[in-house]
Amino acid sequence: MEEFKTLRVCYPMVGSSVYEALILACEQAELLAETSQLYSDLQFYGVEPTFNCYRSAAMVYCKMGFPETAEYLIGCIFKNGATLQDFSIHVALIEAYAKQKMWQRAESVFGQLRFLNLPLDGKVWNALIYAYAESGCYEQARAAFDEMLRFGLSPTAETINGLMQAFINAERLDHLQDLVEEMQQMGFRISKSTVLLMLNSFAEVGNVSEVKRIYHDMKAAGYLPNMQLYRKLIDLLSKRGCVRDIELIVKEMKAAGFKLDVSIYNSMLSLYMDTGNSTKVFELYQGMQAAGLAPDNNTYSILFAMYSRHLRTEEAFTILREMKRFGYGPTLNSYKELLSTCGRLQLWEETENLFKEMEMSSCKLDRSAYHIMIKAYRRAGEYKKAENLLAEMKNSGIEPTLATMHMLMDSYGKGEEPERAEKVFRNLRDAGLNLGTAQYTSVVDAYLKTGDYAMGIKKLMKMKEDGFEPDYRTWTCVIGSASICQNTSEALDLLNALREMGFPLPVRTESARRGGCIWFCKCHRESALGIRTTSYSCMDL
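What you are looking at is a predicted structure, and each value in this text was computed from that prediction instead of being measured. Along each chain, the written sequence defines residue order, and numbers are assigned to residues from 1. A pLDDT threshold of at least 70 governs which residues receive local features in this predicted model, and a stricter bar of 80 or more applies before side-chain atom pairs are shown or counted, although totals over entire chains, interfaces and linings include all residues. Side-chain measures here rest on the full set of heavy atoms in the structure, leaving out hydrogens and waters.

A word on the packing of aromatic side chains
Formally: For Phe, Tyr and Trp, rings pair up if their centres lie within 6.5 Å, where Trp contributes its six-membered ring, and each pair is then called stacked (planes under 30 degrees apart), edge-to-face (over 60) or tilted (otherwise). Only runs of H or I of at least four residues qualify as helices and only runs of E of at least two qualify as strands under DSSP, and these elements are numbered from the N terminus. Relative accessibility decides the category of a residue: with a 1.4 Å probe and only protein chains considered, values under 20% of the type maximum give buried, values over 50% give exposed, and everything between is partly exposed.
Summed over all chains, the structure comprises 11 aromatic pairs. When the centroid spacing of 5.8 Å and the interplanar angle of 55 degrees are considered together, the rings of W103 and Y132 count as tilted. A residue pair is termed long-range when its members are at least 10 positions apart, and W103 in helix α7 (residues 103–115) and Y132 in helix α8 (residues 122–134) qualify at 29 residues. For the pair W103 and Y132, a shared accessibility class is recorded, and that class is buried. Plain terms: the ring middles of Y300 and F326 are 6.4 Å apart, the flat faces sit at 20 degrees to each other, and that makes the pair stacked. Here Y300 is found in helix α18 (residues 297–309), whereas its partner F326 is found in the loop between α19 (313–325) and α20 (332–344), with 26 residues between them in sequence. Residue classification places F326 among the partly exposed positions, given a relative accessible area of 46%.

Following this line, the structure appears as structure tokens:
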């Protein structure tokens, strides 16, 4: 490379032969940018390009994705009287147009060659079929294939694959098997690359049954799968939950001498996690360690999520520390899984610290992450922190939803701050949001929790006035308040209010006193809400 740099300093003073040598050397070394620069400098200094300079520059421009420039250079070659030695440069040009999905231009190049009445070889026909295939023009591809046969040219595996690719890109997978059978009837042996192409195409669209069929046909034909195919199969089957099929393939791999790599372990770990088989997940991880394979970020993320899901927070935090030690980080979903678990287990300090870590990580927090933390604060009785987090959520550009505000209302209710719960309710109503039974019930419950039964009943009646029917939660909070009420008349007021809302509660208020208790029956009651109970309840007064 140093010699090349030294020559490059001197080449403006030399003739076309030096340029040609440099351009050919750069082309062979795949130094595309340098080749292009050399050709530009050659023109700048007025040096006449040789045939090889034109040819190499055209080939490089084809590889760089500039087929129009390449076609111009090819035209320059023949304007200068050069004769066509082979079709390689035209094949490269047709393929370059194919990659740009410019099949009409590729067809034009092919037509120019046919105009010269030259016997075109199979590579040119293959390039044309490939151009049609890339644009999904399966009818044109098939017509080119048939014409190729009429000229007495035998299709290769590349030809058949190009024709199949046309059907695949045109989303005509139903024609693939018919095409294969037709080729076999014509006496062509289907190559391993063709089978792999079919298998991969059905795998991409998730057609498990067709993948299995092709895979078994492939083995019956004597084609042995490679590691890449095994990875593709296991990845597809794991996403479809095909546990038994994967276990058979893994067994087959081991018998054939293949060793499982990290990507295959990850696919299997993900499968067993999704199916809830935690025992198998941990067994696989131990087997992975025994095989001397280092876990990657995907492996850690799967384990992290599995430990979180199974409430094994200590192991989850151990995995988290190990991930950070190797420079990995959990996904946002994995973080949320553990955050939710810590909240459910009432590990308040761990929950808060984990959320702070999430804020400092590269993960961009979404609405559900804030919701999980607000719920945790609500369970912990940290209502002020829940309110502050809501403000932080707004400042980060995430607008709270009705569900967010409902959680805040519940927090105020549990904190016995009904006025603040009602203030949130009014803000939601003034904002034009569609309130429902849940929001009304939260306000009712907030007043009942403070013992302000009169206001609770008033809000219950307001709910009815606004046209909302009570639900099971409404019934529960009113019944619960009546059961702990220390005043008989207030308890009866609550029950009567509930009955007025549509719940047929047969409360006996005069003759049902037994030892200081009022008994009320809920036996075999089924309301319009479909709530049916078969028990008796009593209230100590």
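Describing a nonpolar patch on the surface
As a reminder of what qualifies: For patch detection, residues must exceed 30% relative accessible area and be free of salt bridges, and they are connected within 9 Å for like charges or within 5 Å for nonpolar side chains (Val, Leu, Ile, Met, Phe, Trp, Tyr). The Shrake-Rupley method, run with a 1.4 Å probe, gives the accessible areas here. Residue values count only the displayed protein chains as cover. Salt bridge criterion: a side-chain nitrogen from Lys or Arg within 4 Å of a carboxyl oxygen from Asp or Glu.
A cluster of nonpolar side chains, contributed by F115, L116 and L118, occupies part of the molecular surface with about 330 Å² of accessible area. Residue position: F115 is located in helix α7. Here F115 falls in the exposed class, since its relative accessible area comes to 71%.

Some thoughts on the packing of α18 against α19
Cut-off, in case you're wondering: For helices, the fitted line uses only the C-alpha atoms of the stretch in contact; every axis is such a line through C-alpha atoms, and the angle between N-to-C directions lies from 0 to 180 degrees. Reported orientations rely on four angle classes, namely roughly parallel under 35 degrees, roughly antiparallel over 145, roughly perpendicular from 65 to 115, and oblique for the rest. Each crossing gets its hand from how the near helix is turned against the far one by less than a right angle, where anticlockwise is left-handed and clockwise is right-handed. Any two residues having at least one pair of non-hydrogen atoms within 4.5 Å are treated as being in contact. Note that Gly is not counted as nonpolar here; it falls among the polar residues with everything else outside the nonpolar set of Ala, Val, Leu, Ile, Met, Phe, Trp, Tyr, Cys and Pro and the charged set of Asp, Glu, Lys and Arg.
Put simply, α18 and α19 touch, their axes get as near as 8 Å, and they point 160 degrees apart. Here α18 is positioned roughly antiparallel relative to α19, judged by the angle of their axes. Along this stretch, α18 crosses α19, giving a crossing that reads as left-handed. Residues N297, Y300, S301, L303, F304, Y307 and S308 of α18 touch α19, and the partners they reach there are E315, A316, I319, L320, E322 and M323. Tallied by class, the residues present in the contact of α18 with α19 amount to 8 nonpolar, 3 polar and 2 charged.

Re the pattern of salt bridges
According to the stated counting rule, one finds 16 salt bridges in the structure shown. With a shortest N-O distance of 2.4 Å, K459 and E422 are connected by a salt bridge. Of this pair, K459 sits in helix α27 (residues 453–465) while E422 sits in helix α25 (residues 418–430), placing them 37 residues apart in sequence. Across the pair K449 and D445 runs a salt bridge, and its minimum N-O distance is 2.6 Å. With a gap of 4 residues between them, K449 and D445 both fall in helix α26 (residues 437–449), about one helical turn apart. Since its relative accessible area comes to 38%, K449 is described here as partly exposed.

Focus on α19
What counts, and what does not: Any helix carries an expected span of 1.5 Å times its number of residues minus one. In this description, one arc is meant: the one made by directions from the helix axis to the C-beta atoms.
Taking 1.5 Å of rise per residue, 13 residues should cover 18 Å, and α19 covers 18 Å from first to last C-alpha, within 8% of that figure. Within α19, burial applies to T313, A316, F317, I319, L320 and M323. The buried residues of α19 occupy an angular sector of 155 degrees when the element is viewed end-on, so they sit on one face. Exposed and facing more than 90 degrees away from the buried side of α19 are E314, R321 and R325. One or two positions beyond α19, positive phi appears at G327, with a value near 80 degrees.

Some points on the environment of W103
Sequence separation between W103 and A131 is 28 residues, and the spatial gap between their C-alpha atoms is 5.4 Å. Contacts of W103, omitting those with residues within four sequence positions, involve A131, Y132, S135, C137 and Q140.

Here's the deal with the packing of α8 against helix α9 (residues 138–150)
For the pair α8 and α9, interaxial distance at closest approach is 8 Å and the crossing angle is 165 degrees. Overall, the two elements α8 and α9 adopt an arrangement that is roughly antiparallel. Pair α8 / α9 crosses with left-handed handedness. Between α8 and α9, the contacting residues are G122, W125, N126, L128, I129 and Y132 on the first element and Q140, A141, A144, F145, E147 and M148 on the second.

Considering the confidence of the model for the chain
The criterion, for reference: What pLDDT expresses is the predictor's confidence in each residue, scored from 0 to 100.
Looking at the chain, pLDDT values average 79 and 88% of them are 70 or higher. Mean pLDDT across the elements of the chain ranges from a minimum in strand β5 (residues 536–540), with 38, to a maximum in helix α6 (residues 88–99), with 91. In the predicted structure, residues 509–541 sits below a pLDDT of 50 and forms 64 contacts with residues beyond four places in sequence or in another chain.

A short note on a positive patch on the surface
Put simply, the rule reads: Under the counting rule used here, the positive set is Lys and Arg, the negative set is Asp and Glu, and His together with the chain ends is not counted. The atoms used to mark charge sites are NZ of Lys, CZ of Arg, CG of Asp and CD of Glu.
A cluster of basic residues, R344, K375, R379 and K414, forms a positive patch on the protein surface. Among the structural elements, K414 can be located in helix α24 (residues 402–414). Among the residues examined, K414 registers a relative accessible area of 45% and is labelled partly exposed.

Some details on the environment of E95
Mapped onto the elements, E95 comes out in helix α6. Sequence separation between E95 and Y130 is 35 residues, and the spatial gap between their C-alpha atoms is 7.2 Å. Those residues in contact with E95 that lie beyond four places of it in its chain are A127 and Y130.

Description of the side chain of E422
The class of E422 is buried, set by a relative accessible area of 12%. Not counting residues within four places of it along the chain, the set of residues in contact with E422 comprises V443, Y447 and K459.

Things to note about the side chain of D261
The following threshold applies: Nitrogen and oxygen atoms within 3.5 Å of one another constitute a polar contact, given that in protein one can donate a hydrogen and the other can accept it, and given that sequence-neighbouring residues count only through two side-chain atoms.
Here D261 is to be found in the loop between α15 (243–255) and α16 (262–274). Of note is the side chain of D261, whose polar atom sits 2.9 Å from the side chain of S263. Excluding its chain neighbours within four sequence positions, the residues that come into contact with D261 are M227, R231 and L293.

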